[in-house]
Amino acid sequence: MLLHLFRKSVTEEYPECKPELSDNFRGKHYLKNCIACHLCQKVCPSDAIEISTKDKKLDKYVIDYGKCIFCGN
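No experiment lies behind these values; they were computed from the predicted model shown. (Residues numbered from 1 in each chain as written. Predicted model: local features only at pLDDT ≥ 70, side-chain atom pairs only at ≥ 80, totals over all residues. Heavy atoms only, no water.)

**Student:** Break down the overall build of the protein for me, with residues and values.
**Tutor:** A tally of regular secondary structure across the protein gives 1 helix and 2 strands. Each helix (α) and strand (β) of the protein, taken in turn from the N terminus, gives the series α-β-β. Taking 73 residues into account, the globule formula puts the C-alpha radius of gyration at 11 Å, and the protein, at 20 Å, lies well above it. In terms of overall dimensions, the protein has a C-alpha envelope of 65 × 25 × 20 Å along the principal axes. When each of the 73 residues of the protein is scored for burial, the buried share is 11%. (Helix = DSSP H or I, 4+ residues; strand = E, 2+ residues; numbered from the N terminus. Rg over C-alpha atoms; globule rule 2.2 N^0.38 Å. Buried < 20%, exposed > 50% of the residue type's maximum accessible area, 1.4 Å probe, protein only.)

Put into structure tokens, the structure is as follows:
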């Protein structure tokens, strides 16, 4: 029990020092260069992605995080 007093603290100062994340991090989605091909909607195993197009352009992109399993596809 006394050894815990002499160990280095593992607490991170979050807002000031952001954690370094690996390339395999499966966090929140981001939309980048979407061409509205609906491929992500087709491969989603939990049907959490909804895409609607208007005149062959992206109109609405919605991810239901209640269904999402963060598969990384």
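**Student:** How would you explain the pattern of salt bridges if you had to name every residue and give the values?
**Tutor:** Following the criterion strictly, the structure yields 1 salt bridge and no others. With its nearest N and O atoms 3.3 Å apart, the salt bridge here joins K60 to E50. Of this pair, K60 sits in strand β2 (residues 57-63) while E50 sits in strand β1 (residues 49-54), and the two are 10 residues apart along the sequence. (Salt bridge = Lys/Arg side-chain N within 4 Å of Asp/Glu carboxyl O.)

**Student:** Please set out the packing of aromatic side chains residue by residue, giving values where relevant.
**Tutor:** With the rule as written, the count across this model stands at 1 aromatic pair. An angle of 20° between the planes, with centres 6.0 Å apart, marks the rings of Y65 and F70 as stacked. Its relative accessible area of 35% is what places Y65 among the partly exposed residues. A relative accessible area of 30% means that F70 is categorised as partly exposed. (Phe/Tyr/Trp six-rings, centres within 6.5 Å; stacked < 30°, edge-to-face > 60°.)

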